[in-house]
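Report on the structure
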Amino acid sequence: MKKSIVLLAIAAILVPVSMQAQKKKVVAKKPKVTAPVEDPKLTRMLSATASVVIVDSVVVDSTRLLNAIYVNPEEGRVTTAGSFFNNNDIEGFAYINELGNKCIFSRMGRDGHMHIYQRDKLGDIWSDSEELKGLDDGGRLTDLNYPYMLTDGVTLYFAAKGPESLGGYDIYRTRLDAEGRKFLKPENIGLPFNSEANDYMYVVDEQNQLAYFATSRRQPKGKVCVYTFVPSETRKTLNPDAYSAEKLRSLARIDRIADTWGNGTVRKQALNRMRRGFMATNQIANASETFTFVVNDHTTYTSLSDFRSADNRDRMKDILSMQAQLSVLRTALQKARNYYATASARDRQQLSKDILDSERQEEQLEASIHQLEKEIRNTEKRE
């Protein structure tokens, strides 16, 4: 009897515990979140990120890439290979020097990959295409494209794919050897110019101290962002000890171009160079090309040769130049106004001053154009 009572007591104790155990919910283990692994090549390049002032950026259709890149005619020009060969079926891009007697261009090779070639013009005849030697780094680089040579005739920039590339296309730089026979080992120009996306079309306008490169980073399919920046003769790198790891990566990614402006002086000087018409040199037809100028109800001029006096021809050249400057200025003004809406308080303060300065320049240009037009009409009527 006593034994039964003891067993019942034990059962009374065990049952509630058992029931409680049954009621316990099984907590599912949370899956481990694996942090994205950074490309070791990017990690190695971070400490050598170039210090650069990015003046502006514009997003365009990838098919209209060259419309956002400007080169002083005294330094040559960039175009498509199809345009150079007058054959739209030919893919690739071309650089023609300022004398118009050397062309460096990319074109599909027999192996199905892009290669870079050159042709020289002797008299009125172009030489056969010759592939440039040394650019592929012994076969390590493929799909060579987007060539651009500096006025020294030695330094060449191009884009290619390879084991050192961060993304698809990376930008490389090389120089012609002393004997002029082949190019030296190409160098990846690193961050922030290259990224884990496609980066290409590095172009330098030496006379105006401005340069450009294109990238597909953070862009939808079919779009490309073209950055305008201030080039440097010698590479200056950011001091990694002066930034947090995340800030350094942000600068390397170009998250905000405003972060590269510093006190804004260098950028403002660059904007002034742009507004003086260097971009307009390539945007607007040269003064020798046709235009429309109404002298009176019965007379309209369409070329410089229509003007009776040399002074009026010079006035018309000035008008064309100022109209080009005005076009560039208005585009920059609109972009500044658009950016103002989402800018920080600090950026707005600087933007307000820039916008007011630009509006005054706009008024001055309009007044100058109007005055020159008036002078032309008055003198052309008398002569």
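Heads up: the structure comes first, above all this text.
An account of the accompanying structure is given in this report. Because the structure is predicted, anything quoted here is derived from the model rather than measured. (Residues numbered from 1 in each chain as written. Predicted model: local features only at pLDDT ≥ 70, side-chain atom pairs only at ≥ 80, totals over all residues. Heavy atoms only, no water.)

**Things to note about the overall build of the chain**
For clarity, the threshold we go by: Labels follow the DSSP assignment, with helices taken as runs of H or I lasting at least four residues and strands as runs of E lasting at least two, numbered in each case from the N terminus. The cut-offs for exposure are 20% and 50% of the maximum accessible area for each residue type, with area from a 1.4 Å probe on protein chains only; residues under the lower value are buried, those over the upper are exposed, and the others partly exposed. Throughout, a residue-residue contact means that at least one pair of heavy atoms, one from each residue, lies within 4.5 Å. The Shrake-Rupley method, run with a 1.4 Å probe, gives the accessible areas here. Residue values count only the displayed protein chains as cover.
Of the regular secondary structure elements, the chain holds eight helices and 16 strands. Within the chain, buried positions represent 41% of all 383 residues. Counted over contacts in the chain with a minimum sequence separation of 6, partners at least 24 positions apart contribute 54%. Summed over all atoms, the accessible surface of the chain reaches about 22,600 Å², with 51% contributed by carbon and sulfur.

**Digging into the sheet that holds strand S11 (residues 187–188)**
The condition that has to hold: Between any two strands, pairing holds if DSSP finds at least two bridges.
With antiparallel pairing, the four strands of this open sheet are ordered in space as S8-S9-S10-S11. Since the sheet does not close on itself, it has two edges, and those belong to strand S8 (142–149) and S11, each with one partner. Across four bridges, S8 lies against strand S9 (residues 155–161) in antiparallel orientation. Counted as the bridge partner of Tyr148 is Tyr157 from S9.

**Brief notes about helix H4 (residues 245–253)**
Residues spaced three or four apart along an α-helix point in a common direction, a consequence of the helix completing one turn every 3.6 residues. Every buried residue of H4 is listed here: Leu248, Ser250, Leu251 and Ala252. Buried residues along H4 sit in contact with helix H2 (40–46). Backbone geometry just after H4 places Ile254 at a positive phi near 60°.

**Focus on the side chain of Asn312**
Our working rule: Under this definition, polar contacts are N or O atom pairs within 3.5 Å; protein pairs additionally need one hydrogen-donor-capable and one acceptor-capable atom, and for neighbouring residues in sequence, both atoms have to be side-chain atoms.
With respect to the element layout, Asn312 can be found in helix H7 (residues 310–340). Within the structure, the side chain of Asn312 is placed 2.7 Å from the side chain of Glu380, a separation counted as a polar contact. Among all residues touching Asn312, those that are not within four sequence positions of it are Phe307, Glu375, Ile376, Thr379 and Glu380.

**As for the packing of aromatic side chains**
Applied cut-off: Only Phe, Tyr and Trp rings are paired, with Trp represented by its six-membered ring, and only when their centres lie within 6.5 Å; those with planes under 30 degrees apart are stacked, over 60 edge-to-face, the remainder tilted. The criterion for a charge sitting over a ring is simple: Lys NZ or Arg CZ within 6 Å of the ring centre, and within 35 degrees of the ring normal.
A full pass over the atoms with the stated rule returns 20 aromatic pairs. Residues Tyr95 and Tyr148 carry aromatic rings whose centres are separated by 5.0 Å and whose planes lie at 70° to one another, so their mutual orientation is edge-to-face. Of this pair, Tyr95 sits in strand S3 (residues 93–96) while Tyr148 sits in strand S8, and the two are 53 residues apart along the sequence. Each member of the pair, Tyr95 together with Tyr148, is buried. When the centroid spacing of 5.5 Å and the interplanar angle of 75° are considered together, the rings of Phe193 and Phe213 count as edge-to-face. Of this pair, Phe193 sits in the loop between S11 and strand S12 (199–205) while Phe213 is found in strand S13 (residues 210–215), placing the two residues 20 residues apart along the sequence. Clustering of aromatic rings is evident, with ring pairs tying together Tyr157, Phe193, Tyr202, Phe213, Tyr227 and Phe229. Sitting over the ring of Phe85, Arg107 keeps its end group 5.0 Å from the ring centre.

**Focus: the sheet that holds strand S1 (residues 54–61)**
What counts, and what does not: Interaxial angle, 0 to 180 degrees, is taken between N-to-C directions of lines fitted to C-alpha atoms, where a helix line uses only the stretch in contact.
Pairing is antiparallel across the open sheet formed by four strands, whose spatial order is S1-S14-S13-S12. At either end of the open sheet lies a strand with only one pairing partner, and these are S1 and S12. Adjacent strand axes in the sheet meet at a mean angle of 20°, parallel and antiparallel pairs treated alike. As defined by bridge partners, S1 adjoins strand S14 (residues 223–229) across seven bridges and the pair is classed as antiparallel. The residue bridging Ser57 from the neighbouring strand is Tyr227, located in S14.

**Details of the side chain of Ser106**
Tracing the backbone through its elements, the reader meets Ser106 in strand S4 (residues 102–108). For Ser106, a relative accessible area of 0% corresponds to the buried category. Looking at Ser106, its side chain comes within polar contact range of the main-chain nitrogen of Phe93, at 2.8 Å. A polar contact is formed between the side chain of Ser106 and the side chain of Asn145, at a distance of 2.5 Å.

**Focus: the layout of surface pockets**
Under the convention used in this document: Cavity means a closed set of points on a 1 Å grid over the protein atoms alone, one where a 1.4 Å probe fits but cannot get out, pocket means an open set with protein on both sides within 12 Å along at least 5 of 7 lines, and lining means a residue has an atom within 4 Å of a point. Grid points are joined across faces, edges and corners, and a volume is the space filled by probe spheres set on the points. Asp, Glu, Lys and Arg are counted as charged, while Ala, Val, Leu, Ile, Met, Phe, Trp, Tyr, Cys and Pro are counted as nonpolar; the rest, among them Gly, fall into the polar class.
Here the largest pocket defines a volume of roughly 750 Å³. If you go around the largest pocket, you meet 24 residues; those closest to its centre are Val230, Pro231, Ser232, Glu233 and Thr234. Considering each element in turn, the lining of the largest pocket owes the most residues, three residues, to S12. Its residues assigned to classes, the lining of the largest pocket comprises 13 nonpolar, four polar and seven charged. Here the second largest pocket defines a volume of roughly 570 Å³. Lining the second largest pocket are 29 residues; nearest its centre among them are Asp56, Ser57, Ile257, Lys335 and Tyr339. Of all the elements in the fold, those that place two or more residues in the lining of the second largest pocket are S1, S14, helix H5 (265–278), H7 and helix H8 (345–382). Of all the elements, H7 adds the most residues to the lining of the second largest pocket, at six residues. By residue class, the composition of the lining of the second largest pocket is 16 nonpolar, four polar and nine charged.

**Structural notes on the environment of Glu375**
Within the fold, Glu375 resides in helix H8. Under the relative-accessibility criterion, Glu375 is labelled partly exposed at 28%. For the pair Glu375 and Asn312, spaced 63 residues apart in sequence, the C-alpha separation works out to 8.2 Å. Apart from residues lying up to four places away in sequence, Glu375 is in contact with Asn312 and Arg315.

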